[in-house]
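# Topology and contacts: notes
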Amino acid sequence: MSNYLALLSFAVLGFALEMHLVFVNVIIGATVLTVITRYLAYLRQDPSLESVAKSMFRLMVVTELFGGVWGTILTVFMAGLFPSMTAIFTRVYFYPVAIALVGILVSIPFIAIYWHLWGRVSPRTHSLIGLPLAISVLLVPIGFRYLFAGLDYPQYVTTNFNPLTVFSNPVYPPLIVHTLIGAMDIGAFVIASVLTTRRNLSIKGISIALGTGLILLVPQAIAGAYYFTVLGRYDPYIASNIAGPLLGYDPSSVMFYPAFYAAVALTIALGITALYAFYAVMQGRVVRPVVISTGFLAEAILILMEYVNDGSRYPYLFISGGSGIPITQLLNTLIPLPLIAMYTMLLSTLAFTAIFTITLYYAVVRRFLPEE
């Protein structure tokens, strides 16, 4: 029973994480692209480019609202289901968590300032304000990704633990590079998809977004290979579950490596689709279904890759070598949850997701991105 309850708890937490990341990656990508595009509009004195930057920013703001709600849900689930893991995070990873929280606290007022001052201060000043906005948004994954690196390579087990040693986690550098490039890549493709739903198409905006997404696919693949190589050295258990027998590993589960190869296949499909869409845009044509599909493909790849990356440590949460701390040991024992409560939590989360999806469609496509 405890193993089944642990699996359900793990699945609920993982689902909330996936939903949160679907929005967070768009937030990061849209923010960085907005700031760069707005700066280029200032340099070139190009009003049409500035209009594109405004559309990107509106998408970021809407996504921020949804991502923030899912972040709250994720935190509640983690604290309620796995209080011991939450305690480890806040004690051992205090400084990384503080970095992420500073990023959140700084980015929120800067989002309001950036929008409020758009057109009210000089373009140069407004472009400069975008710099701290982008940095503060990037601080969030820069801080929180230390927690994921800590799950893969926990350092708190050493004696006389110094909290600053978490910054020397060898898994972190490839993980954060992979995360940031991937976020900007996903954000670019989603922006291209959303811009394509407009009645008045912006060829310039779609080409910028598609071109950025295409260019970033190559470094993203290299960063992914680098991350896998480091996992193979420091975390053979996860590497084995990710790669499976096709690369000569002996995985402990068959639940993950098929998803990894499916994600690789979708990445190839995304590259081909985006290349065709970009070529058509350069010819002055926007093939709407093809461009829109790039955003869906990018999000599907994210979901599969994150599922593989986080799920492959099952039945452990913290991995050390070939084993780790089982999920059952970190479940909430002070307030044991009955199975009916877990089913209710899971079903209500799925229902909430359906409502969110409908609301997001109307928010992004029908309401908050007005035609200009």
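For clarity, every value in this text was computed on a predicted model and none was experimentally measured. Throughout this document, residue positions are counted from 1 along each chain, in the order its sequence is written. Given that the model is predicted, a residue must reach a pLDDT of at least 70 before its local features are reported, and side-chain atom pairs must reach 80 or more before they are shown or counted; all residues, however, enter totals for whole chains, interfaces and linings. In computing side-chain values, all of the structure's heavy atoms are included and hydrogens and water are not.

## Thoughts on the overall build of the protein chain
- The way it works is that DSSP assigns letters per residue, a run of H or I at least four long becomes a helix, a run of E at least two long becomes a strand, and they are numbered from the N terminus. Within the protein chain, the secondary structure is distributed over 12 helices and 2 strands.
- Along the chain direction, N to C, the helices and strands of the protein chain fall in the order α-α-α-α-α-α-α-α-α-α-β-β-α-α.
- For 372 residues, the compact-globule estimate of 2.2 N^0.38 gives 21 Å, and the protein chain sits close to it at 21 Å.
- Referenced to the eigenvectors of the C-alpha coordinate spread, the extents of the protein chain come out at roughly 60 × 45 × 40 Å.
- Buried residues are those whose accessible area, probed at 1.4 Å on protein chains only, stays under 20% of the maximum for their type, while exposed residues exceed 50% and partly exposed ones sit between those limits. Taken across its 372 residues, the protein chain has 50% of its residues classed as buried. Put simply, the radius of gyration uses C-alpha atoms, and a globule should come to 2.2 Å times the residue count raised to 0.38.

## What to know about the side chain of serine 207
- Inspection of the secondary structure puts serine 207 in helix 7 (residues 203-234).
- Overall, the relative accessible area of 13% leaves serine 207 in the buried class.
- Among the polar contacts listed, one links the side chain of serine 207 to the backbone oxygen of lysine 204, at a separation of 2.8 Å.
- Note on contacts: a residue pair qualifies if any of its non-hydrogen atoms lie within 4.5 Å across the two residues. If we skip the residues at most four places from it in the chain, serine 207 touches Phe278, Val281 and Met282. What qualifies as a polar contact is a pair of N or O atoms within 3.5 Å, subject to a donor-acceptor requirement within protein and to the restriction that residues adjacent in sequence count only when both atoms come from side chains.

## What about the packing of helix 1 (residues 2-44) against helix 10 (residues 288-311)?
- Where helix 1 meets helix 10, the closest approach of the two axes is 10 Å, and the angle between their N-to-C directions is 140°. Put simply, helix 1 runs oblique to helix 10. Crossing handedness for the pair helix 1 and helix 10: right-handed. Where helix 1 abuts helix 10, its residues Phe10, Leu17, Glu18, Leu21, Val22, Asn25 and Val26 lie against Glu299, Leu302, Ile303, Glu306, Tyr307, Asp310 and Gly311.
- Looking at the contact of helix 1 with helix 10 residue by residue, the classes come out as 8 nonpolar, 2 polar and 4 charged. To get an axis, fit a line to the C-alpha atoms, keeping to the stretch in contact for a helix; angles then go from 0 to 180 degrees between the N-to-C directions. If an angle is under 35 degrees, it is roughly parallel; if it is over 145, roughly antiparallel; if it lies from 65 to 115, roughly perpendicular; otherwise it is oblique. Take the far helix as the reference: if the near one is turned anticlockwise from it by less than a right angle, the crossing is left-handed, and if turned clockwise, right-handed. Three residue categories are used. Nonpolar comprises Ala, Val, Leu, Ile, Met, Phe, Trp, Tyr, Cys and Pro, charged comprises Asp, Glu, Lys and Arg, and polar comprises the others, including Gly.

## Regarding the packing of aromatic side chains
- A pair of aromatic rings is counted whenever rings of Phe, Tyr or Trp (Trp by its six-membered ring) have centres within 6.5 Å, and the orientation is called stacked for planes under 30 degrees apart, edge-to-face for over 60 and tilted otherwise. For the structure on display, the rule yields 23 aromatic pairs.
- For the ring pair phenylalanine 57 and tryptophan 115, a centre distance of 5.8 Å and an interplane angle of 10° mean the geometry is stacked. Of this pair, phenylalanine 57 sits in helix 2 (residues 47-81) while tryptophan 115 is found in helix 4 (residues 94-116), placing the two residues 58 residues apart along the sequence.
- Summarising the aromatic geometry, the rings of phenylalanine 66 and phenylalanine 356 are spaced 5.0 Å apart at their centres and angled 85° between planes, so their arrangement reads as edge-to-face. Here phenylalanine 66, found in helix 2, pairs with phenylalanine 356, found in helix 12 (residues 339-367); they are 290 residues apart in sequence, far enough to count as distant. Note on accessibility: phenylalanine 66 and phenylalanine 356 belong to one class, buried.
- Grouping aromatic residues by their ring pairs yields a cluster made of Phe15, Phe23, Phe66, Trp70, Phe352 and Phe356.
- Here, a charge over a ring is recorded when the distance from Lys NZ or Arg CZ to the ring centre is within 6 Å and its angle to the ring normal is within 35 degrees. The ring of phenylalanine 148 carries arginine 145 above its face, with NZ or CZ at 4.5 Å from the centroid.

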